[in-house]
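# Chain and residue survey
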Amino acid sequence: MLGSGRNRTRKPVTRRNLPRLALYAYQAHNDAMTAVKDSRIAVRLSSHQDALIRHAAEVEGTSITEFTVAATMSHAIDVLADRRMFAIDDAAWSEFVAVLDRPVLHKPRLEKLFSEPSVFTEE
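How each quantity is defined
Residues numbered from 1 in each chain as written. Predicted model: local features only at pLDDT ≥ 70, side-chain atom pairs only at ≥ 80, totals over all residues. Heavy atoms only, no water. Helix = DSSP H or I, 4+ residues; strand = E, 2+ residues; numbered from the N terminus. Areas by Shrake-Rupley, 256 points an atom, 1.4 Å probe, with all protein chains shown as cover. pLDDT = per-residue confidence, 0-100. Contact = heavy atoms within 4.5 Å. Salt bridge = Lys/Arg side-chain N within 4 Å of Asp/Glu carboxyl O. Buried < 20%, exposed > 50% of the residue type's maximum accessible area, 1.4 Å probe, protein only.

Check the secondary structure of the protein chain and you find five helices and zero strands. Order of helices (α) and strands (β) in the protein chain, N terminus to C terminus: α-α-α-α-α. A total accessible area of about 12,800 Å² is found for the protein chain, and carbon and sulfur atoms account for 59% of it.

Following this line, the structure appears as structure tokens:
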């Protein structure tokens, strides 16, 4: 029974007993932990910035290094997500432009969907 205060023994965390999303996070975390760390980044901070970062790391129960690397990596991934360059040859470019230039096809089901109120807007 939840909240009974009894000590419970937990099964050790393994890849076999994790749901898919948790497995992804487990694997990403462990892969990052086993990577060889051979570079450093030094930054200058105001005392306010330093205190804020230290407090956030403490709240999450991680070291300052782990917290800073995770936050920096997450932000770097977000920044680069929309800035991808795709190099294609002339034939592929011509095919891409031809697809963009095709006439629009009438799609009644899509028209009906867009005529209905959105589930994301308040009424």
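This part covers the confidence of the model for the protein chain. Here the protein chain shows a mean pLDDT of 79. Residues at 70 or above account for 72%. Across the protein chain, helix H2 (residues 47–60) holds the top mean pLDDT of 95, while helix H1 (residues 20–34) sits lowest at 57. Across residues 1–5, where pLDDT falls below 50, the model places three contacts with residues more than four positions away in sequence or in other chains.

This part is about the pattern of salt bridges. According to the stated counting rule, one finds two salt bridges in the structure shown. Put simply, Arg 54 and Asp 50 hold a salt bridge, and the shortest N to O gap is 2.9 Å. Here Arg 54 pairs with Asp 50, and both are found in helix H2, just four residues apart, close to one helical turn. Taking relative accessible area as the criterion, Arg 54 reaches 44% and is therefore assigned partly exposed. Judged by relative accessible area, which is 27%, Asp 50 ranks as partly exposed. Between Lys 112 and Glu 116 there is a salt bridge, and its shortest N-O distance comes to 3.8 Å. A relative accessible area of 53% places Lys 112 in the exposed class.

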